[in-house]
Amino acid sequence: SQQGEEDPQALSIQEGENATMNCSYKTSINNLQWYRQNSGRGLVHLILIRSNEREKHSGRLRVTLDTSKKSSSLLITASRAADTASYFCAIMNSGYSTLTFGKGTMLLVSP
Amino acid sequence: NAGVTQTPKFQVLKTGQSMTLQCAQDMNHNSMYWYRQDPGMGLRLIYYSASEGTTDKGEVPNGYNVSRLNKREFSLRLESAAPSQTSVYFCASSSDPKGEKLFFGSGTQLSVL
């Protein structure tokens, strides 16, 4: 199974700024999901985008998917200190039944 | 709602000792998963159970066994712990057999000395 690769590994911004993180993968997918992990906690599902979708929104989150470039991006608008966390993309391959997680992007939002 | 509950939260073992990590979910989910998380490695799937009565190996199953006791409970056993099994272990569940939208427990931090 393939693993998504997030970029950058770490991102530091100020409150109110937008945060963008990217995920690249290598083979065809069924869907791609983004999760958030606060320090010392379990992962929380944020959003799922299917291979036939190009963009989805959820509150301050915007996810795009470009299957021709095999990449996805997660945009968090008007960041808050509470958004400080690690963000993971997870790949559901076509034909597979389990999710494969990337190594994550650590986001630090300073007040 | 409790969601996914893992016990214990912390454990220290000596090499060669055995232990079982417990996981229970109260969301009536069919699918359950065990992942391990190591620094710089992301999450790696150890075992999963797509439905009650079935279990399958994931990416890193060696050194582990699992039991799907019933629909609610999915345990992970280390028969003879090794230092390489020092990690944070997460249990997750999903209502979808293909694992869309996983719900995670808060993790078990395991150290093997």
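Residues numbered from 1 in each chain as written. Chains lettered and ligands numbered in written order. Predicted model: local features only at pLDDT ≥ 70, side-chain atom pairs only at ≥ 80, totals over all residues. Heavy atoms only, no water.

What follows covers the overall build of chain B. A tally of helices and strands in chain B yields zero helices and 11 strands. On C-alpha atoms alone, chain B measures out to a radius of gyration of 13 Å, which is about the 13 Å that the 2.2 N^0.38 rule sets for 113 residues. Based on the C-alpha atoms only, the size of chain B along its principal axes is roughly 35 × 30 × 25 Å. Looking at the 113 residues of chain B, the share that counts as buried comes to 47%. A separation of at least 24 residues holds for 55% of the contacts in chain B among residues at least 6 apart in sequence. Of the roughly 5,200 Å² of accessible surface on chain B, 49% is carried by carbon and sulfur atoms. With 11 positive and 9 negative side-chain charges, chain B shows a separation of 5 Å between the mean positions of the two kinds. (Helix = DSSP H or I, 4+ residues; strand = E, 2+ residues; numbered from the N terminus. Rg over C-alpha atoms; globule rule 2.2 N^0.38 Å. Buried < 20%, exposed > 50% of the residue type's maximum accessible area, 1.4 Å probe, protein only. Contact = heavy atoms within 4.5 Å. Areas by Shrake-Rupley, 256 points an atom, 1.4 Å probe, with all protein chains shown as cover. Lys, Arg positive; Asp, Glu negative; His and termini not counted. Charge placed at Lys NZ, Arg CZ, Asp CG, Glu CD.)

Considering only enclosed or pocket space, the largest pocket measures out at about 740 Å³ in volume. In terms of lining residues, the largest pocket is bounded by 32 residues, among which Q37, S39, G40 and S86 of chain A together with Q37 of chain B are the most central. Elements with a contribution of two residues or more to the lining of the largest pocket: β9 (85-93) and β11 (105-110) of chain A together with β4 (31-38), β9 (87-94) and β11 (108-112) of chain B. By residue number, the principal contributor to the lining of the largest pocket is β11 of chain A, which donates four residues. When its residues are assigned to classes, the lining of the largest pocket shows 10 nonpolar, 18 polar and four charged. (1 Å grid on protein atoms, 1.4 Å probe; cavity = no way out; pocket = protein on both sides within 12 Å on 5 of 7 lines; lining within 4 Å. Points joined across faces, edges and corners; volume = space filled by probe spheres on them. Nonpolar A, V, L, I, M, F, W, Y, C, P; charged D, E, K, R; others polar.)

Here we take up the sheet that holds strand β1 (residues 4-7) of chain B. Residue and element names in this part refer to chain B. Strand order in the open sheet formed by four strands is β1-β3-β8-β7, and the pairing between neighbours is antiparallel. If you trace the sheet from one side to the other, it starts and ends with β1 and β7 (64-68), each paired once. Between one strand axis and the next, the sheet turns through 15° on average, direction left out of account. Note: β7 against strand β8 (residues 74-78), five bridges, orientation antiparallel. What sits directly across from R68, in β8, is F74. (Pairing = 2+ DSSP bridges. Axes fitted to C-alpha atoms, helices over the stretch in contact; angles between N-to-C directions.)

For the rest of this paragraph, the subject is the nonpolar core. All names here are of chain A. Within the largest apolar cluster, 22 residues are counted, with the highest numbers of intra-cluster contacts made by M21, L32, W34, L74, I76, Y87 and L107. Those elements that provide at least two residues to this core are β3 (19-24), β4 (29-37), β5 (43-50), β7 (61-66), β8 (71-76), β9 and β11. Counting residues per element, this core draws most heavily on β9, at four residues. Non-local contacts of Y87, meaning those with residues more than four positions away in its chain, are made with E6, M21, Y35, R36, L46, L74, I76, G104, T105 and L107. (Core = buried A, V, L, I, M, F, W, Y, C linked by side-chain atoms within 4.5 Å.)

From the geometry alone we can't say anything about function, so treat these as descriptive.
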